[in-house]
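If you want the building blocks of each chain, they are given just below.
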Amino acid sequence: GEDVEQSLFLSVREGDSSVINCTYTDSSSTYLYWYKQEPGAGLQLLTYIFSNMDMKQDQRLTVLLNKKDKHLSLRIADTQTGDSAIYFCAERVGGSYIPTFGRGTSLIVHP
Amino acid sequence: DVKVTQSSRYLVKRTGEKVFLECVQDMDHENMFWYRQDPGLGLRLIYFSYDVKMKEKGDIPEGYSVSREKKERFSLILESASTNQTSMYLCASSLGSMAKGELFFGEGSRLTVL
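Quick caveat: nothing in here was measured; it's all calculated off a predicted structure.

Rules behind the numbers
Residues numbered from 1 in each chain as written. Chains lettered and ligands numbered in written order. Predicted model: local features only at pLDDT ≥ 70, side-chain atom pairs only at ≥ 80, totals over all residues. Heavy atoms only, no water. Core = buried A, V, L, I, M, F, W, Y, C linked by side-chain atoms within 4.5 Å. Buried < 20%, exposed > 50% of the residue type's maximum accessible area, 1.4 Å probe, protein only. Helix = DSSP H or I, 4+ residues; strand = E, 2+ residues; numbered from the N terminus. Pairing = 2+ DSSP bridges. Axes fitted to C-alpha atoms, helices over the stretch in contact; angles between N-to-C directions. Polar contact = N/O pair within 3.5 Å; in protein donor to acceptor, adjacent residues only side chain to side chain. Contact = heavy atoms within 4.5 Å. pLDDT = per-residue confidence, 0-100. Patch = residues over 30% accessible without salt bridge, like charges linked within 9 Å, V, L, I, M, F, W, Y side chains within 5 Å. Areas by Shrake-Rupley, 256 points an atom, 1.4 Å probe, with all protein chains shown as cover. Salt bridge = Lys/Arg side-chain N within 4 Å of Asp/Glu carboxyl O. Buried area = accessible area lost by both parts, 1.4 Å probe. Nonpolar A, V, L, I, M, F, W, Y, C, P; charged D, E, K, R; others polar. Disulfide = S-S within 2.5 Å.

Draft legend 1. Spotlight on the nonpolar core. By size, the foremost hydrophobic cluster in this structure holds 21 residues, and its most contacted members are Trp34(B), Ile46(B), Leu76(B) and Tyr89(B). Contributions of two or more residues to this core are made by strand E3 (19-21), strand E5 (31-38), strand E6 (42-51), strand E9 (73-78), strand E10 (87-94) and strand E12 (109-113) of chain B. In terms of nonpolar packing, the next biggest core, distinct from the first, is built from 19 residues, Tyr24(A), Leu72(A), Leu74(A) and Ile76(A) among them.

Draft legend 2. Representation of the pairing of strand E4 (residues 29-37) of chain A in the model. Residues and elements named next belong to chain A. Burial of E4 is extensive: 9 of the 9 residues sit out of reach of the surface. Alignment of E4 against strand E5 (residues 43-50), held across 7 bridges, turns out to be antiparallel. Its bridge partner lying in E5, tyrosine 31 is registered against phenylalanine 50. If you look at the hairpin formed by E4 and E5, you'll find 5 residues sitting between the two strands, and glycine 40 has a positive phi there, around 75 degrees.

Draft legend 3. Structural view of unusual backbone geometry. Residues other than glycine seldom take positive phi values, yet Lys70(A) does so here, at roughly 55 degrees. Locating Lys70(A) in the fold gives a position in the loop between strand E7 (61-66) and strand E8 (71-76). Here Asp28(B), not a glycine, exhibits a phi torsion of approximately 60 degrees, which is positive.

Draft legend 4. Expanded view of the sheet that holds E8(A). Residues and elements named next belong to chain A. In space, the 5 strands of this open sheet follow the order E1-E3-E8-E7-E6, with antiparallel pairing throughout. With one partner strand each, in any of the chains shown, strand E1 (4-6) and strand E6 (55-58) form the two edges of the open sheet. Looking at each pair of strands side by side, their axes are set apart by 15 degrees on average, direction ignored. Here E7 runs beside E8; their pairing, made up of 6 bridges, is antiparallel. Among the inter-strand pairings, valine 63 is bridged to a residue of E8, identified as leucine 74.

Draft legend 5. Spatial organisation of the side chain of Asn31(B). Looking at where Asn31(B) falls in the secondary structure, it is placed in strand E5. Look at Asn31(B) and you get buried, because its relative accessible area is 1%. Separated by 2.9 Å, the side chain of Asn31(B) and the backbone oxygen of Leu95(B) make a polar contact. Ignoring any residue separated from it by four or fewer positions in sequence, one finds Asn31(B) in contact with Tyr97(A), Phe48(B), Ser49(B), Tyr50(B), Arg68(B), Ala92(B), Ser93(B), Ser94(B), Leu95(B) and Gly96(B).

Draft legend 6. Layout of the confidence of the model for chain A. For chain A, per-residue confidence averages 92 on the pLDDT scale, and residues scoring 70 or more make up 98% of the total. Per-residue pLDDT, averaged within each element of chain A, yields its smallest value for E4(A) (91) and its largest for strand E2 (residues 9-13) of chain A (97).

Draft legend 7. Layout of a nonpolar patch on the surface. On the surface, Leu8(A), Phe9(A) and Ile108(A) cluster together into a nonpolar patch covering about 300 Å² of accessible area. Relative to the assigned elements, Leu8(A) resides in the loop between E1 and E2.

Draft legend 8. The interface of chain A and chain B, seen in detail. Listed by partner, the interface residues are 20 residues for chain A and 24 residues for chain B. Summed over both sides, the interface between chain A and chain B buries roughly 1800 Å², with carbon and sulfur atoms accounting for 61% of that surface. Inspection of the region where chain A meets chain B yields 0 salt bridges. For the pair chain A and chain B, the number of links is 4 residue pairs in polar contact (both at pLDDT 80 or more). Class assignment of the residues belonging to the side of chain A that touches chain B gives a composition of 12 nonpolar, 6 polar and 2 charged.

Draft legend 9. The state of the cysteines, seen in detail. According to the stated counting rule, one finds 2 disulfides over all chains in the structure shown. The disulfide partner of Cys22(A) is Cys89(A), and the S-S distance across this bridge is 2.0 Å. In this structure the cystine formed by Cys22(A) and Cys89(A) twists about its S-S bond by roughly -65 degrees; its chirality is therefore left-handed. With Cys22(A) in strand E3 (residues 18-24) and Cys89(A) in strand E9 (residues 85-93), this pair connects stretches of sequence that are 67 residues apart. Comparing Cys22(A) with Cys89(A), the two get one shared label, buried. Here Cys23(B) connects covalently by a disulfide to Cys91(B), the sulfurs 1.9 Å from one another. In this structure the cystine formed by Cys23(B) and Cys91(B) twists about its S-S bond by roughly -75 degrees; its chirality is therefore left-handed. Within this pair, whereas Cys23(B) is found in strand E4 (residues 23-25), its partner Cys91(B) is found in strand E10, the two being separated by 68 residues in sequence. No difference in accessibility class separates Cys23(B) from Cys91(B), as the two residues are buried.

Shown next as structure tokens:
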């Protein structure tokens, strides 16, 4: 079955880089996603990567995918207080409309 | 701008009451979802609908039912609310194609059952 694991908390200093890690179990995953949830709000798609890619960069965000180890990471460069949120990793297997979410990592950015 | 609207941000109900949570999307999406979110447990899928009048149980359907009479509206029903259903409920929608599959979420409905 599908399972997505991520650590629950990460604390970083403003200006440093943050790296949020995620592992998944289903090797037939097609898309892997990072969603962001700000306090009191729903989730918003931050970025995604297709399973035939190793890396995707979008401004301050870098997504790395290691298919052999089934490991996905999200790096946020120059982390700001506005990046404080819960970050959810999710995978979607080909042929299914339903993604599987991890439990979310709370990123706390302190001055 | 795409939008998923949940009718109530905060509700307080009593044990045994019938509760309706409404969700409307304006993107003509085929798929709609209801999740509940609890601290440390992440998102758990309650029900999924891929078309009008079609529904599939998710991971935790017990104590819940759903209704999708129109494409844009997906309702979650708690027939007899219990205190363990106190939670944040999130509605989402997505396109019916197998492309990117991005989910668009509403702002959430925080339900407290006393």
